[in-house]
Amino acid sequence: MAKVTDMNSTALKLLVRIKNSDDVKIVAVSVLYFLSAQLGLLLSFTESKIIALWPPAGLALALLIIFKHKTWPAITIGSLIAQAMVFLFQGTPFSLSVVMSLVLISIGNTCEALFGYYLISKVIKERNPFFKTAHVFIFLFVAMVMCIIGSGIGTLGMWANQLLEVNQLITHFSSGWLSNVISVLIITPFIISWTGKFKLQIAWARAIEFLIFLGTLGAIVLTLKYSNFSDTIEQSLPFLIMPFLLWLAFRFNLQTTMSGILIVSFIAIFYTINNMGPFSLDTENNSRSMLQIFTGVVSISTLILYATVRERAHAQEEIKAFNERLEHKVQERTEELHEEIRMRKKSEEKIKISNSKLRKANIELDNFVYSVSHDLRAPIASVLGIVNLAQKDDDAAMMKKYLEMIADSAQRQDLFIQEILDLSRNSRLDVGRDEINFDTLITEIFDQLKYSAIDKSIVKEINISQKDSFISDKKRLKVIFNNLISNSIRYCRSIDPIIKIEILIDDATAKISVNDNGKGIAKKHMKKIFDMFYRATDEHAGSGLGLYIVRETIEKLRGNINISSTENEGTTVNLEIPNLTELSH
């Protein structure tokens with residue numbers, strides 16, 4: 001098994017070497033040149049032995065374009081053999097002059113192909129020069145110029161070796177030049193097209209169209225063979241094929257187009273060399289000239305149309321691709337603009353909210369500064385006044401009363417300072433997360449406020465339903481309950497005062513209700529009870545910060561508050577505070 005593998009590997013390496021070997025390419029080119037010369041001899045006139053089309057000229061240029069200039073020795077070798085076959089075909093006996101002429105003709109054919117390859121590689125710079133209209137015209141010019149070299153050197157070589165007379169030079173040169181030019185215009189595009197990269201796509205519609213072309217060509221051939229027309233009509237019949245060749249160029253790829261041209265050219269040559277058809281004139285020279293002009297015009301016209309159509313199709317594809325890219329860019333830019341507009345609106349909304357908050361903060365700051373300066377100075381002024389009275393009064397009973405009044409002013413100032421501290425902490429500190437036991441929390445608040453209800457026997461009804469764990473900011477909850485409960489105590493009625501607290505806790509929220517049967521709040525004050533330093537009554541006047549602090553603290557906890565009150569009946573405060581355990585998820 002290992003030996004078989006080694007043999008296969010050796011065979012593959014040998015094939016690769018053969019494929020990349022210049023010697024193998026030279027041998028292959030020489031063989032192809034020889035076979036094409038045989039085809040050229042078949043396309044010669046029977047009497048004069050004049051060759052209507054010399055395929056080696058077009059083949060040589062095509063092979064140089066495909067295999068590059070390293071294969072030029074094969075052209076020289078093939079040309080020597082091919083020209084020897086021509087001399088033998090024409091019955092010319094071999095001599096030193098014939099051998100010298102063969103060498104010069106081979107050199108001329110080699111220089112012709114190399115010069116054409118050089119011009120195409122330098123000017124067109126593409127392997128296939130038939131995709132652009134300008135390149136096709138350049139190719140036509142190259143074909144006409146390069147064939148001057150081959151025909152010129154060959155003609156001069158034969159004249160120098162006394163194989164041609166002076167009066168035969170122009171006729172021999174023009175005959176060879178025209179034959180080579182037509183070969184380059186027909187054979188070179190055919191070989192270049194079929195050896196290049198292309199996709200073989202078989203479509204029924206295109207197949208039917210090509211069959212129509214072949215049918216039309218066959219009908220014209222049969223008409224020429226079996227119908228009797230006047231010479232004028234007969235000579236015009238071949239030109240009927242022109243629209244169909246142009247149709248091939250318009251509808252098909254280069255391979256199909258050149259195949260059609262080749263078929264038409266070979267049919268025209270076949271009829272003419274057999275003295276049939278519209279190109280069969282009085283002399284073989286005239287017949288050959290008319291035939292070559294026809295095939296040359298047909299080939300170059302079809303190639304120009306093909307290149308024009310392909311350029312137009314390529315331009316349309318580029319325009320389509322450009323439009324698609326442009327549309328894509330427009331869509332991208334539109335999306336960017338929409339996003340920019342959306343972000344700008346969002347920024348404007350943020351700025352609007354910030355400005356609103358800033359205006360609110362400025363208003364509150366003005367009120368705060370004014371009220372703080374007033375409320376801080378008022379107890380001090382009161383204390384100073386009482387001290388002044390006490391200094392003038394020696395009565396012990398009055399002195400005790402003065403001390404109580406001083407203590408009351410100090411307590412009010414202490415409470416006011418505590419409220420300011422609560423407000424400051426609420427705005428500065430982050431929300432804490434503590435596990436809340438509402439029963440313990442409410443008990444602590446009432447214990448702190450028990451001395452506030454002097455001479456008041458307040459009934460407390462507390463109903464707490466707490467099965468789930470509740471997480472919130474304990475310090476802020478203390479501030480909220482302290483303010484609400486202290487307000488209920490401060491403004492409770494003198495007879496049968498009651499404070500009811502109900503708390504219902506689930507996994508999402510704590511629903512809290514604080515109700516009292518106190519003096520209530522007049523309807524006209526309800527819209528302003530949350531304003532900073534707003535006092536609905538001067539009785540038991542506080543700082544006016546209590547409910548403002550409650551609302552700000554609840555907003556910090558992302559909860560909400562609602563107060564309903566009826567004057568002389570009582571007040572109910574409903575709170576809903578979220579469980580921070582749920583929000584953290």
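As shown above, the structure is provided for reference.
Presented here is an overview of the structure given in this document. (Residues numbered from 1 in each chain as written. Predicted model: local features only at pLDDT ≥ 70, side-chain atom pairs only at ≥ 80, totals over all residues. Heavy atoms only, no water.)

## Examining the sheet that holds strand β7 (residues 570-578)
Right, so step 1: Judged by pairing direction, the sheet is mixed, and its five strands sit side by side in the order β2-β4-β5-β7-β6 without closing on themselves. Since the sheet does not close on itself, it has two edges, and those belong to β2 (459-466) and β6 (560-566), each with one partner. On average, each strand axis in the sheet is tilted by 10° relative to the strand beside it, whichever way the strands run.
Right, so step 2: Where strand β5 (residues 509-516) and β7 come together, eight bridges link them in antiparallel fashion. Each residue of the ladder has a partner; that of Lys-511, found in β7, is Glu-576.
Right, so step 3: This element, helix α15 (residues 474-490), spans β4 (498-505), β5 and β7 of the sheet and lies at about 150° to β4. (Pairing = 2+ DSSP bridges. Helix = DSSP H or I, 4+ residues; strand = E, 2+ residues; numbered from the N terminus. Axes fitted to C-alpha atoms, helices over the stretch in contact; angles between N-to-C directions. Contact = heavy atoms within 4.5 Å.)

## Points about the environment of Leu-240
Right, so step 1: Looking at the element boundaries, Leu-240 is found in the loop between α9 (231-236) and α10 (241-251).
Right, so step 2: Separated by 24 residues in sequence, Leu-240 and Thr-216 place their C-alpha atoms 9.4 Å apart.

## Quick word on the packing of aromatic side chains
Right, so step 1: All told, the structure shown has five aromatic pairs when counted by the stated rule.
Right, so step 2: With a centroid separation of 6.0 Å and an interplanar angle of 80°, the aromatic rings of Phe-270 and Tyr-271 are classed as edge-to-face.
Right, so step 3: Ring plane angle 75° and centroid distance 6.3 Å describe the contact between Phe-438 and Phe-481, whose orientation is recorded as edge-to-face. Here Phe-481 lies in helix α15 and Phe-438 lies in helix α14 (residues 438-448), a separation of 43 residues in the sequence.
Right, so step 4: For Phe-481, a relative accessible area of 1% gives the class buried.
Right, so step 5: Through pairs of rings, three or more aromatic residues link up here, namely Phe-438, Phe-470 and Phe-481.
Right, so step 6: Sitting over the face of the ring of Phe-131, Arg-310 holds its NZ or CZ atom 3.7 Å from the ring centroid.
Right, so step 7: In this structure, Lys-460 is placed above the aromatic ring of Phe-446, and the distance from its NZ or CZ to the ring centre is 5.3 Å. (Phe/Tyr/Trp six-rings, centres within 6.5 Å; stacked < 30°, edge-to-face > 60°. Buried < 20%, exposed > 50% of the residue type's maximum accessible area, 1.4 Å probe, protein only. Lys NZ or Arg CZ within 6 Å of the ring centre and 35° of its normal.)

## Considering the side chain of Ser-299
Right, so step 1: For Ser-299, the location among the structural elements is in helix α12 (residues 284-392).
Right, so step 2: What Ser-299 contacts, discounting residues up to four positions off in sequence, is Leu-185, Ile-186 and Ile-261.

## Some words on a nonpolar patch on the surface
Right, so step 1: The grouping of Ile-77, Leu-80, Ile-81, Leu-88, Phe-94, Val-99, Val-103 and Ile-107 at the surface amounts to a nonpolar patch, some 650 Å² of accessible area in total.
Right, so step 2: Residue assignment for the nonpolar patch shows that the elements contributing at least two residues are α4 (72-89) and α5 (96-124).
Right, so step 3: The element that contributes the greatest number of residues to the nonpolar patch is α4, accounting for four residues.
Right, so step 4: Mapped onto the elements, Val-99 comes out in helix α5. (Patch = residues over 30% accessible without salt bridge, like charges linked within 9 Å, V, L, I, M, F, W, Y side chains within 5 Å. Areas by Shrake-Rupley, 256 points an atom, 1.4 Å probe, with all protein chains shown as cover. Salt bridge = Lys/Arg side-chain N within 4 Å of Asp/Glu carboxyl O.)

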